[in-house]
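# Residue-level structure breakdown
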Amino acid sequence: MSTQALSFSRGLKVQIRVIYGIMVRDLMLRYGRDNLGFLWVFIEPMLLCIGVLIIYSVLRGDEHGVAVVALTLSGYMPLTLWRHLTNNAVNLYRRSTSVLYHRFITLYDMFFARMIMEFAGSTCAFLVIYLTLLSFGLTEPIRDPGLLIAGWFFLGLYGLSVAIIFAAMTEYWEVAEKFMGPFQYLTVPLSGAFFLVD
């Protein structure tokens, strides 16, 4: 192994440990060690989705031949992912400046630690809800898992790109925080989330 490859490998290991450490720190600060602790990372989006599923199931039976459970799960969980990624970018650096005291921690480490945590939490919530609904026969198996995984990761990448813009904007302009909510809601109808696709 060349010197450059060895140096890159060592640096990568350090950065992975740094990001992991920041994630653990954030989990402890946000959720503490009591009760369910870090499980709230995926319980919170799961509870929101279950609530919406129940409400839509009671109000509507099916939508144009599509079971409302499948329609809600496939529409609301991506929206939850989008909102969790972008919401947690607001004032992200301002809340975490104390960790910059450590030599190996950079602004990118703080950003990616938070985004990985939110992405993993929403992904776990989706999987738990989907597998539970599937086991009770309330939804059908996914027909093309590869397409679902690709779409989920592309949505995560899109959320990540918007989040890094808002993370930077909220550091420069305090008023930028006020634009996050309207921006999120205005992009939902433009994204095609309310269009039924065959």
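This text follows the structure it describes.
Computed from a predicted structure; not experimentally measured.

### Considerations on the overall build of the chain
- Along the backbone of the chain there are 7 helices and 2 strands.
- The order of helices and strands in the chain, counted from the N terminus, is α-α-β-β-α-α-α-α-α.
- Each of the 198 residues in the chain was classed as buried or not, and the buried ones make up 34%.
- For the chain, the exposed area adds up to about 12800 Å²; of that, 68% sits on carbon and sulfur atoms.

### A short note on the pattern of salt bridges
- Summed over all chains, the structure comprises 3 salt bridges.
- Residue R25 is joined to D26 by a salt bridge in which the shortest nitrogen-to-oxygen separation is 3.3 Å.
- Here R25 falls in the partly exposed class, since its relative accessible area comes to 25%.
- The shortest N-O distance in the salt bridge between E140 and R143 comes to 3.3 Å. Of the two residues, E140 and R143, both sit in the exposed class.

### Side note on the packing of helix α3 (residues 68-87) against helix α5 (residues 107-135)
- Packing of α3 against α5 leaves a shortest axis separation of 9 Å and a crossing angle of 165 degrees. Here α3 is positioned roughly antiparallel relative to α5, judged by the angle of their axes. Judged by the twist between their axes, the crossing of α3 over α5 is right-handed. Judged by residue contacts, V69, L73, M77, T80, L81, H84 and L85 of α3 engage M115, E118, F119, S122, A125, F126, I129, Y130 and L133 from α5.
- Its residues assigned to classes, the contact of α3 with α5 shows 12 nonpolar, 3 polar and 1 charged.

### Observations concerning the packing of aromatic side chains
- Evaluation of the coordinates by the stated rule reveals 8 aromatic pairs.
- Ring geometry for W82 against F183: centres 6.2 Å apart, planes inclined by 50 degrees, an arrangement best described as tilted. You can see W82 sitting in helix α3 and its partner F183 sitting in helix α7 (residues 180-191), a full 101 residues away along the chain.
- Here W82 falls in the buried class, since its relative accessible area comes to 5%.
- Consider the rings of F119 and F153, whose centres lie 5.3 Å apart with planes at 40 degrees: the pair is tilted. Taken together, the positions of F119 in helix α5 and F153 in helix α6 (residues 145-172) put the pair 34 residues apart, joining distant regions of the chain.
- Through successive ring pairs, a cluster of aromatic residues spans W82, Y158, F166 and F183.

### Re the side chain of T187
- The residue T187 is located in helix α7 in this model.
- Only 3.1 Å separates the side chain of T187 from the backbone oxygen of F183, close enough to count as a polar contact.
- A distance of 2.8 Å separates a polar atom in the side chain of T187 from the backbone oxygen of Q184.
- Once residues lying within four places of it in the same chain are set aside, the contact partners of T187 are W82 and Y158.

### Quick word on the environment of Y76
- As for its position among the elements, Y76 is in helix α3.
- Here Y76 falls in the buried class, since its relative accessible area comes to 16%.
- Separated by 50 residues in sequence, Y76 and F126 have C-alpha atoms that sit 9.7 Å apart.
- Beyond its immediate sequence surroundings of up to four residues, Y76 is in contact with L48, C49, V52 and R83.

### Examining the nonpolar core
- In terms of nonpolar packing, the biggest core is built from 37 residues, with C49, L73, M77, F111 and I129 touching the most fellow members.
- Elements represented by at least two residues in this core include exactly α1 (3-31), α2 (40-59), α3, α4 (92-95), α5 and α6.
- Sort the elements by how many residues they give to this core and α5 lands first, with 11 residues.

### Notes on the side chain of T170
- For T170, the location among the structural elements is in helix α6.
- Within the local environment of T170, its side chain forms a polar contact with the backbone oxygen of A167, the two atoms lying 3.2 Å apart.
- Setting aside residues up to four positions removed in sequence, T170 forms contacts with A89, V90, N91, R94, A176 and E177.

About the cut-offs
- Residues numbered from 1 in each chain as written.
- Predicted model: local features only at pLDDT ≥ 70, side-chain atom pairs only at ≥ 80, totals over all residues.
- Heavy atoms only, no water.
- Helix = DSSP H or I, 4+ residues; strand = E, 2+ residues; numbered from the N terminus.
- Buried < 20%, exposed > 50% of the residue type's maximum accessible area, 1.4 Å probe, protein only.
- Areas by Shrake-Rupley, 256 points an atom, 1.4 Å probe, with all protein chains shown as cover.
- Salt bridge = Lys/Arg side-chain N within 4 Å of Asp/Glu carboxyl O.
- Axes fitted to C-alpha atoms, helices over the stretch in contact; angles between N-to-C directions.
- Parallel < 35°, antiparallel > 145°, perpendicular 65-115°, else oblique.
- Left-handed = near helix turned anticlockwise from the far one by under 90°.
- Contact = heavy atoms within 4.5 Å.
- Nonpolar A, V, L, I, M, F, W, Y, C, P; charged D, E, K, R; others polar.
- Phe/Tyr/Trp six-rings, centres within 6.5 Å; stacked < 30°, edge-to-face > 60°.
- Polar contact = N/O pair within 3.5 Å; in protein donor to acceptor, adjacent residues only side chain to side chain.
- Core = buried A, V, L, I, M, F, W, Y, C linked by side-chain atoms within 4.5 Å.

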